[in-house]
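Here is what each chain is made of, one letter per residue.
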Amino acid sequence: MNRWRHLLSKADRFTTGIIISVILGLALPCSGGVAEAFDWLTNAAIVLLFYLYGVKLSRESVIAGLLNWRLQSMVLLFTFAFFPIVTPLLRPIFEPLVGAALYSGLIYVACLPSTVQSSIAFTSVAGGNVPAAVCSASVSSLLGVFLTPMLVGILFSHSGTDSADIGLDTILKICYQILIPFVLGQLSRRWLKNWVAGHKSLIRWNDQTTIWLVIYTSFSGATVSGYWQHLDALHLGGLILICTIILSLTCAVSYYSSKALGFCREDRITIVFCGSKKSLAVGAPMMMAIFGHLDNNLLLPLMIFHQVQLMICAQLARIWHKQGADTGGY
């Protein structure tokens, strides 16, 4: 009983931290030099996250994650096929709630790759297949550099999309934040693996703190920039509703289809978290590269979807964490 309460308190702490981060981002947003400091801190936390995962994961488990082609295929299927197909199909039903311009933003969201840091952190909290999550989320981001402009070109009808050029800077940013820290962690594993194994609580705090920082900085940016002032309550409610429905549908279909195909519990968790989420961090610079500027009608749905996915996935992680503790992981 004490062990159960201990595990549940950790999950409650995680959810409470997300709620506090949202409130602080709305009520006490950071700006100027403080915002720059938080951006630097968030980037540092992301780098540390992947470095510690590199230290923690054995080469054998990483190779096994890469070779798990069935799981990787499922994640890519939902990220780059299910989303871009379902979202336009639902347009006649949901567009009246938000208008044509904002629904175009939802279609742009559907074309983006999976978010990386929070997908892996949620997978870790929920007891999923972390090595496979590292591989899936990283591969999704890398492929998104090439697949996102192509999907936008197919789903959008204006000419500027066809000549999109993502550029080398986005690719380098992914390498700096994800691949290089992970590789460095792998290289230093022989010296630090025992220390990391003995400080699992510290690793868990790093996972959760990274998500809290991402939530706070993104909400702060929206508040300071005045995005909330340019949207009436009906459109905002419509965006939240549509994002919730699309995300819930994706999570349900990915979970039950992977279960029907015989994936184990850990792999199902990984497929849901890596295949159902969209990256704000990658989406904003890609928007600049594809369209030449930040369009509020595209950026706002991305921001709303980003927050909705964090809240819903936090609850899923909490539930699966509790189920894993109660059933021994089965």
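Data block above holds the structure.
One pass over the full model with this rule turns up two cavities of 30 Å³ or more. In this structure, the second largest cavity occupies an estimated 40 Å³ of space. Elements supplying a minimum of two residues to the lining of the second largest cavity: helix 4 (69-89) and helix 6 (100-110). Broken down by element, the lining of the second largest cavity gets its largest block of residues, three residues, from helix 6. Broken down by class, the residue content of the lining of the second largest cavity amounts to six nonpolar, one polar and no charged.

So, about helix 4. With 21 residues, helix 4 extends 29 Å between its outermost C-alpha atoms, agreeing within 8% with the 30 Å of an ideal straight helix rising 1.5 Å per residue. Taken together, the buried positions of helix 4 are Leu71, Gln72, Met74, Val75, Phe78, Thr79, Phe80, Phe82, Phe83, Pro84, Val86 and Thr87.

We now examine the packing of aromatic side chains. Inspection of the entire model under this criterion finds eight aromatic pairs. On the numbers, 5.2 Å between centres and 50 degrees between planes, the contact of Phe78 with Phe82 is tilted. Note that Phe78 and Phe82 are positioned in helix 4 at a spacing of four residues, about one turn of the helix. Among the aromatic side chains, those forming a connected cluster through ring pairs are Phe122, Tyr255, Tyr256, Phe273 and Trp320. Its guanidinium or amino end placed over the ring of Phe263, Arg70 lies 4.3 Å from that ring's centre, counting from NZ or CZ. If you follow Lys278 out to its NZ or CZ, it ends over the ring of Phe80, 6.0 Å from the centre.

Here the focus is the pattern of salt bridges. If you walk through the whole model with that rule in mind, you get one salt bridge. Glu95 serves as the salt-bridge partner of Arg91, at 2.3 Å between the closest nitrogen and oxygen. On the criterion of helical spacing, the pair formed by Arg91 and Glu95 is a turn pair, its members being four residues apart in helix 5 (residues 91-98). Arg91 gets classed as partly exposed once you look at its relative accessible area, which sits at 23%. On the basis of relative accessibility, which here comes to 23%, the residue Glu95 falls in the partly exposed class.

Inspection of the entire model under this criterion finds zero disulfides. Unpaired in this structure, Cys313 has its nearest cysteine sulfur neighbour in Cys251, at a distance of 5.2 Å.

A few words on the environment of Thr16. Tracing the chain through its elements places Thr16 in helix 1 (residues 2-27). Each C-alpha atom, one on Thr16 and one on Trp212, is 9.9 Å from the other, the two residues being 196 residues apart in sequence.

Right, let's talk about the nonpolar core for a bit. Counting residues in each nonpolar core, the largest one holds 78 residues, and the members touching the most others are Tyr103, Tyr108, Ile120, Leu239, Phe273 and Phe291. Counting residues per element, this core draws most heavily on helix 15 (residues 296-327), which supplies 13 residues. When neighbours within four sequence positions are excluded, Phe273 is seen to be in contact with Ser114, Ser119, Phe122, Thr123, Ala126, Cys313, Leu316, Ala317 and Trp320.

Analysis parameters
Residues take numbers from 1 onward in each chain, read along the sequence in its written order. Owing to the predicted nature of the model, reporting of local features is limited to residues with pLDDT of at least 70; listing and counting of side-chain atom pairs is limited to 80 or more, with chain, interface and lining totals taken over all residues. Remark: hydrogens and water are excluded; side-chain values derive from all non-hydrogen atoms of the structure. Think of a 1 Å grid over just the protein atoms. A cavity is a set of points where a 1.4 Å probe fits yet cannot get out, a pocket is an open set with protein on both sides within 12 Å along at least five of seven lines, and lining residues have an atom within 4 Å of a point. Grid points are joined across faces, edges and corners, and a volume is the space filled by probe spheres set on the points. Helix numbering and strand numbering both begin at the N terminus, where a helix is a DSSP run of H or I of at least 4 residues and a strand a DSSP run of E of at least 2. Residues were grouped as follows: Ala, Val, Leu, Ile, Met, Phe, Trp, Tyr, Cys and Pro as nonpolar; Asp, Glu, Lys and Arg as charged; and all remaining residues, including Gly, as polar. Take the residue count of a helix, subtract one, and multiply by 1.5 Å to get its expected span. Partly exposed residues are those whose accessible area sits between 20% and 50% of the maximum for their type, while under 20% is buried and over 50% is exposed, using a 1.4 Å probe and protein chains only. Classification of ring pairs uses Phe, Tyr and Trp, with its six-membered ring standing for Trp, and accepts pairs whose centres are within 6.5 Å; under 30 degrees between planes counts as stacked, over 60 as edge-to-face, and the remaining range as tilted. Any Lys NZ or Arg CZ found within 6 Å of a ring centre and within 35 degrees of that ring's normal is scored as a charge over the ring. A side-chain nitrogen of Lys or Arg and a carboxyl oxygen of Asp or Glu constitute a salt bridge if their distance falls within 4 Å. By disulfide we mean two sulfur atoms from cysteines, separated by a distance within 2.5 Å. Residues belong to a common nonpolar core when they are buried Ala, Val, Leu, Ile, Met, Phe, Trp, Tyr or Cys residues joined through side-chain atoms within 4.5 Å. Whether two residues touch is decided by their heavy atoms; if any such pair falls within 4.5 Å, the residues are in contact.

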